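Coordinate inspection notes
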Amino acid sequence: MAAVVTASNILVEYPVNDWLTWGALSYPIAFLVTDITNRTLGVRLAREVVFVGFIVAVIMSILIADPRIAVASGTAFLIAQLLDVTIFDRLRRQSWWKAPVASSIIASSVDTVIFFVLAFAGTGLPWHTWAIGDYGAKLIMVAVLILPFRGLIRITDPLTLAPASR
């Protein structure tokens, strides 16, 4: 988790174009980690992963990335990931895909708004378009990562995908 967030904090400083930064492609993996932890180990341990990831990622980001990016990232990460854990937990008993999709879509929107406002507002950089591109990339990554989620769940918790008799 910490490696994903730290790498994303560095990559967000490198635009692909006026609509997208490289960090938009790596950060959604953090939601995958949280959702797999939540599904297989439960909500309590998912929150612990979020808190440990937050602490380590903020420290690493302060050392490696721009301090404003580190603070924005830490704030957005903590709020969005805890929201993701809560939404996922409320939807966990529905179809296997609903919890990770809904929690990731909603939490990603919150993450995007908080991060880009704190990191780039007032800088003169095209952060509005980066935020739109970032959120679009996160939505695409939700669709792309749902199959690895299912595969990893089959490996880590095969009973999750068993018939409803569980």
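Before going into details, it helps to say that this report is about the structure given with it. Along every chain, residues carry numbers that run from 1 in the direction the sequence is written. With pLDDT at 70 or above as the cut-off, local features in this predicted model cover only qualifying residues; side-chain atom pairs require 80 or more to be listed or tallied, and sums for whole chains, interfaces and linings still use all residues. To get the side-chain values, all heavy atoms of the structure are used, and hydrogens and water are removed first.

**What to know about the overall build of the protein chain**
Condition: Strands here are runs of E lasting at least two residues and helices are runs of H or I lasting at least four, both read from the DSSP assignment and numbered beginning at the N terminus. Only C-alpha atoms enter the radius of gyration, while the globule expectation follows 2.2 Å times N to the 0.38, with N the number of residues. Accessibility here uses a 1.4 Å probe with only protein chains present; expressed as a share of the type maximum, an area under 20% marks a residue as buried, one over 50% as exposed, and anything in between as partly exposed. Here, residues are in contact when the closest pair of their heavy atoms is within 4.5 Å. Here the accessible surface of atoms and residues is derived via Shrake-Rupley with a 1.4 Å probe, and residues count as covered only by protein chains that are part of the display. For this count, His and the chain ends are skipped, Lys and Arg are scored as positive, and Asp and Glu as negative. To locate a charge, take atom NZ for lysine, CZ for arginine, CG for aspartate or CD for glutamate.
What the protein chain contains, in helices and strands, is seven helices and two strands. What you see for the protein chain is a C-alpha radius of gyration of 16 Å, in line with the 15 Å of a compact globule of 166 residues. Its C-alpha atoms give the protein chain principal-axis dimensions of about 55 × 30 × 20 Å. Residues classed as buried in the protein chain amount to 46% of the 166 residues present. Taking as baseline every contact in the protein chain between residues at least 6 positions apart, the subset at least 24 positions apart corresponds to 72%. Approximately 8200 Å² of the protein chain is accessible, and the part contributed by carbon and sulfur atoms is 71%. Side chains of the protein chain carry 12 positive and 10 negative charges; the gap between the two charge centres is 13 Å.

**A few points about the side chain of Thr-112**
One can find Thr-112 in helix 6 (residues 98-120). Overall, Thr-112 belongs to the buried group, its relative accessible area being 4%. Excluding anything up to four places from it in sequence, Thr-112 contacts Ala-131, Asp-134, Tyr-135 and Lys-138.

**A closer look at the packing of helix 6 against helix 7 (residues 127-156)**
Our working definition: In this analysis, axes come from line fits to C-alpha atoms, helices being fitted only over the stretch in contact, and the angle between any two N-to-C directions falls in the range 0 to 180 degrees. Oblique is the label for any angle not under 35 degrees, not over 145, and not in the 65 to 115 range, which are roughly parallel, roughly antiparallel and roughly perpendicular in turn. In this scheme, a crossing is called left-handed if the near helix is turned counterclockwise away from the far one by less than a right angle; it is called right-handed if the turn is clockwise. Put simply, Ala, Val, Leu, Ile, Met, Phe, Trp, Tyr, Cys and Pro go in the nonpolar bin, Asp, Glu, Lys and Arg in the charged bin, and everything else, Gly too, in the polar bin.
For the pair helix 6 and helix 7, interaxial distance at closest approach is 10 Å and the crossing angle is 155°. Comparing the axis directions of helix 6 and helix 7 gives the class roughly antiparallel. Between helix 6 and helix 7 lies a crossing whose hand is right-handed. Facing helix 6, whose interface residues are Pro-100, Val-101, Ser-104, Ile-105, Ser-108, Ser-109, Asp-111, Thr-112, Phe-116, Val-117 and Phe-120, helix 7 presents Trp-127, Trp-130, Ala-131, Asp-134, Tyr-135, Lys-138, Leu-139, Val-142, Ile-146 and Phe-149. Of the residues that constitute the contact of helix 6 with helix 7, the class distribution is 14 nonpolar, four polar and three charged.

**A few points about the pattern of salt bridges**
Applicable threshold: For this document, the term salt bridge refers to a Lys or Arg side-chain nitrogen within 4 Å of an Asp or Glu carboxyl oxygen.
Across all of its chains, the model carries four salt bridges by this definition. Close ionic contact of Arg-92 with Asp-89 constitutes a salt bridge, the shortest N to O distance being 2.8 Å. Close ionic contact of Asp-134 with Lys-138 constitutes a salt bridge, the shortest N to O distance being 2.9 Å. One end of the pair, Asp-134, and the other, Lys-138, are both in helix 7, four residues apart, so they sit about a helical turn from each other.

**Quick word on helix 3 (residues 28-41)**
Put simply, the rule reads: Each residue after the first adds 1.5 Å to the expected span of a helix.
Between the first and last C-alpha of helix 3 there are 20 Å, a value that for 14 residues agrees with the 20 Å anticipated at 1.5 Å per step. The buried fraction of helix 3 is high, at ten of 14 residues. Of the positions making up helix 3, those classed as buried are Pro-28, Ala-30, Phe-31, Leu-32, Thr-34, Asp-35, Ile-36, Thr-37, Asn-38 and Arg-39. The inward-facing, buried residues of helix 3 contact helix 1 (2-11), helix 2 (23-26), helix 4 (43-64), helix 5 (67-91), helix 6 and helix 7. Residue Gly-42 follows helix 3 closely and has a positive phi angle near 100°.

**Here we look at a nonpolar patch on the surface**
In plain terms, the rule: Patches here: salt-bridge-free residues with over 30% relative accessible area, like charges joined within 9 Å, nonpolar side chains (Val, Leu, Ile, Met, Phe, Trp, Tyr) joined within 5 Å.
On the surface, Val-52, Ile-55, Val-56, Ile-59, Met-60, Leu-63 and Ile-64 cluster together to form a nonpolar patch covering roughly 640 Å² of accessible area. Checked against the element boundaries, Ile-55 lands in helix 4.

**With respect to the nonpolar core**
We count it as follows: Residues grouped as a nonpolar core are buried Ala, Val, Leu, Ile, Met, Phe, Trp, Tyr and Cys residues, joined through side-chain atoms within 4.5 Å.
Counting residues in each nonpolar core, the largest one holds 14 residues, and the members touching the most others are Met-1, Val-5, Tyr-27, Ala-30, Phe-31, Val-50 and Phe-77. Of the residues forming this core, the biggest block, four residues, is contributed by helix 5. Setting aside its immediate chain neighbours within four residues, Phe-31 contacts Ala-80, Gln-81, Asp-84, Ser-104, Ala-107, Ser-108 and Asp-111. Of all hydrophobic cores here, the second largest spans 13 residues; its members include Ile-36, Phe-88, Leu-91 and Ala-99.

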